[in-house]
Amino acid sequence: MGKVDLEPQVKELTSAIDELINQTQDIYGSIYQQLPEIEREIELTIQEMDILLEYFLPSNDKQIAESSDSEDMYKLSEVLSTISANLSQNRKKMIDEETIRQTIDSLLLNKEDAAKQINIDHLTDKLIEIKERVTDVELIAMNAMIYAANLENGGVGFGVVADNIKKVATELKSYYTEMQSSANKLYNWNLQFVENLEKLLECHQQLNIEQIDQFEEIISVIFESLTIINELLADLIENIKVAMEPIQELMISIQSQDLIEQNLEFINNGLNSIRELESEFIKEGKVDFQLFTVQFLDLAVDSLDIVKEELNSSLNELCTCLDKIRDDTNSLRQDGKLITDFLGGEQELNTYSSVEEIFKEINSFIEQFSVGLLRLEQEIEDISDFDHHFYKLVTEIEEWIISIKGRVDFLQKLKLLSKIELSRLETGNKSFGQEISQISAEIAAEVEDNEELVWELKESLEVDLEKFKDILNVNQENIGDMSGKISVCQEELGMVEQLISEAIWALRSSAERLFAEIDEITEELLAAQNLLHRLQEIEEQLLKLKNENEVQLIELTGIDAREQSLEKAKLRELLAEFEQKQISINSSKNDDFNDGEDAEEGLVLF
């Protein structure tokens, strides 16, 4: 066999090993750089989910609350609770229905309750009695006129009295008609006011009871939904944490790259030493150099076997961990998409989300409630000047009673004049004088009773109406206050909806980045499988070079390399150094991986 040309073969091998080292560094380095990214994405995804949890329901976890900066956050649950509390507080301050009922009862007192309390119906009844007395006065006036006419010249004086009685009767009738008109207006005011109160109660009932109870039901359903959402998100967080636990195993498996690289560098250093020594021992010590080459190549093949074993083991561990992560995350991808689509709507279909439906329902209620507040405010406004009309009409009736009393007083004077005239006449009709006296007394008594009744009615209703007016004023203030609070809550709801929407999109984005990072590592590992094929090729080249040198050594000495020993001290020392270096590299494997000590010295890349 001819001379083995070491130079080109060793050069080719060192070049191939250098390339292999670079590829190993690239692949493992890339994976190592991506693992912290994955951990950051995991942390970010969990933070986004924690933030989303905080937007829905407050967390008991202080760490989450701090990481979410929860003091500055608008929580949906808190905003809803605020609205509910405001409504409940407003309900306590709103119109006292019992007071309104009492006011209505005062105005619409039943006949059987007449002895207990005075109302407008009593006044109407009394006015009828006055009307009867006015009619009696008219009859007396007519009789007086007839009687005076029968007296002819002798009844001139009585005729004057009869004319005045007729004039009083006419005035009384006119005053009574005006008073009756005011009384009718008061009666109609009473009916209208009661009708307005009933509308007010109906509006109050609908707004302050039915709608608030409806909102309480909405709140109850929403909180149940939020609790379910919280449980889904919390479960997803825990599942992500569990799914990503093998990340630590990946970090440990990657440390095998250090052992792989050191063994490859060891082989390259030895091959380079062979190239450098060849010229020195080409003439003298050629056999020793040939033996040295064979013995080192034995070491190189052993180191390469270690590299193959470590690389294969490392890749298997990485693939196993990654397969587990991918299997777990595949279901998480579906769960995460399902949850984010449920909360934020499907991106592809642009559909409504549960969050949008929640806010849609709340905003719809707030709009209806605001309309109800405006209606209630309008109802209150419509009856706000009720007391003005009441006092105006009562005052008119009082004035007409005073006018009637004046005419009745004058009638009393005419009674005396009629007695004088009738006594002067020989044919004086004493019964006529008695009749005038009786009617005068009766109408005076009726007018007095009416005056007292009007005063008592005014005093009786005045207390209820003033109390009612105070309640209306307080309610107008409450409505204004409630409208302001509702407006603030609407703004906060809008901000919460926007923040939740942004959090959902951020969660989607961070989750997608997390899964993308995992997919990238998977692709890197697929590329790393080519390293095993390349190692096999390099091993074949080393074995070929070793065999060629063994054959040449036998040709030169006739003795097998295993039965020979190095004579040159330099080559013996150098081989011993390589042997010790190989032992040193591979004996530290367990310490590096199990204890993780001296990581900076043990890890070349990291």
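Q: Sorry, what's going on with the packing of aromatic side chains here?
A: Each pair of aromatic rings is reported with the distance of its centres and the angle of its planes. All told, the structure shown has 5 aromatic pairs when counted by the stated rule. The interplanar angle of 50° and the centroid separation of 5.8 Å between the aromatic rings of Phe 266 and Phe 296 together place this pair among those described as tilted. Remark: Phe 296 occurs in helix H9 (residues 286-344) and Phe 266 occurs in helix H8 (residues 256-278); sequence separation between them is 30 residues. For the pair shown, Phe 266 and Phe 296 are each scored as buried. Arranged with centres 4.9 Å apart and planes meeting at 55°, the rings of Phe 296 and Phe 578 form a pair that is tilted. Here Phe 578 lies in helix H13 (residues 569-587) and Phe 296 lies in helix H9, a separation of 282 residues in the sequence.

Q: So what exactly am I meant to see when it comes to the nonpolar core here?
A: One broad rule of soluble globular proteins: the nonpolar side chains tend to lie buried together. Formed by 149 residues in total, the largest nonpolar core has its most connected members in Leu 35, Leu 264, Leu 271, Phe 292 and Leu 542. The element best represented in this core is helix H12 (residues 430-557), accounting for 32 residues.

Q: Any chance you could explain the packing of H8 against H13 here in plain terms?
A: Two measures define how a pair of helices packs: the angle their axes make with one another and the distance between the axes. H13 packs onto H8 with a crossing angle of 170° between their chain directions and a minimal axis gap of 10 Å. With respect to H13, the element H8 is oriented roughly antiparallel. Taking contact as the criterion, the partners of Leu 259, Gln 262, Asn 263, Phe 266, Asn 269, Gly 270, Ser 273 and Leu 277 in H8 are, on H13, Lys 570, Leu 571, Leu 574, Phe 578, Lys 581, Gln 582, Ile 585 and Asn 586.

Q: When you look at the pattern of salt bridges in this model, what are you seeing that I'm missing?
A: Side-chain pairing between opposite charges can occur once the charged atoms of the two side chains come close. Tallied over the entire structure, the rule returns 13 salt bridges. Between Arg 133 and Glu 442 there is a salt bridge, with the nearest N and O atoms lying 3.4 Å from each other. With Arg 133 in helix H5 (residues 120-151) and Glu 442 in helix H12, the pair connects residues that are 309 residues apart, well separated along the chain. The buried category is assigned to Arg 133, whose relative accessible area is 15%. A salt bridge links Glu 448 to Lys 405, with the nearest nitrogen and oxygen atoms 3.8 Å apart. Taken together, the positions of Glu 448 in helix H12 and Lys 405 in helix H11 (residues 386-424) put the pair 43 residues apart, joining distant regions of the chain. Look at Glu 448 and you get partly exposed, because its relative accessible area is 41%. With a relative accessible area of 25%, Lys 405 lands in the partly exposed category. Via salt bridges that share partners, Glu 132, Arg 133, Asp 136 and Glu 442 belong to a single interconnected network.

Rules used in this analysis
- Per chain, residues are indexed from 1 in the order of the written sequence.
- Per-residue local features are limited, in this predicted model, to residues with pLDDT of at least 70; the limit for side-chain atom pairs, both in listing and counting, is 80 or more; totals at the level of whole chains, interfaces and linings are taken over all residues.
- Only heavy atoms go into the side-chain values, all of them from the structure, while hydrogens and water stay out.
- Under the pairing criterion, centres of Phe, Tyr and Trp rings, with the six-membered ring standing for Trp, must be within 6.5 Å; the plane angle then separates stacked pairs below 30 degrees from edge-to-face pairs above 60, leaving the rest tilted.
- Secondary structure elements follow DSSP: runs of H or I no shorter than four residues count as helices, runs of E no shorter than two count as strands, and numbering proceeds from the N terminus.
- When accessible area is computed with a 1.4 Å probe and restricted to protein chains, residues below 20% of their type maximum are described as buried, those above 50% as exposed, and intermediate ones as partly exposed.
- Side-chain atoms within 4.5 Å are what join buried Ala, Val, Leu, Ile, Met, Phe, Trp, Tyr and Cys residues into a set we call a nonpolar core.
- An axis is simply a line fitted to the C-alpha atoms; with a helix, the fit covers only the stretch in contact. Between two such axes, the angle follows the N-to-C directions and lies from 0 to 180 degrees.
- An angle below 35 degrees is treated as roughly parallel, one above 145 as roughly antiparallel, one from 65 to 115 as roughly perpendicular, and anything else as oblique.
- Residue contacts are counted whenever heavy atoms from the two residues lie within 4.5 Å of one another.
- The rule for a salt bridge is simple: a side-chain nitrogen of Lys or Arg has to be within 4 Å of a carboxyl oxygen of Asp or Glu.

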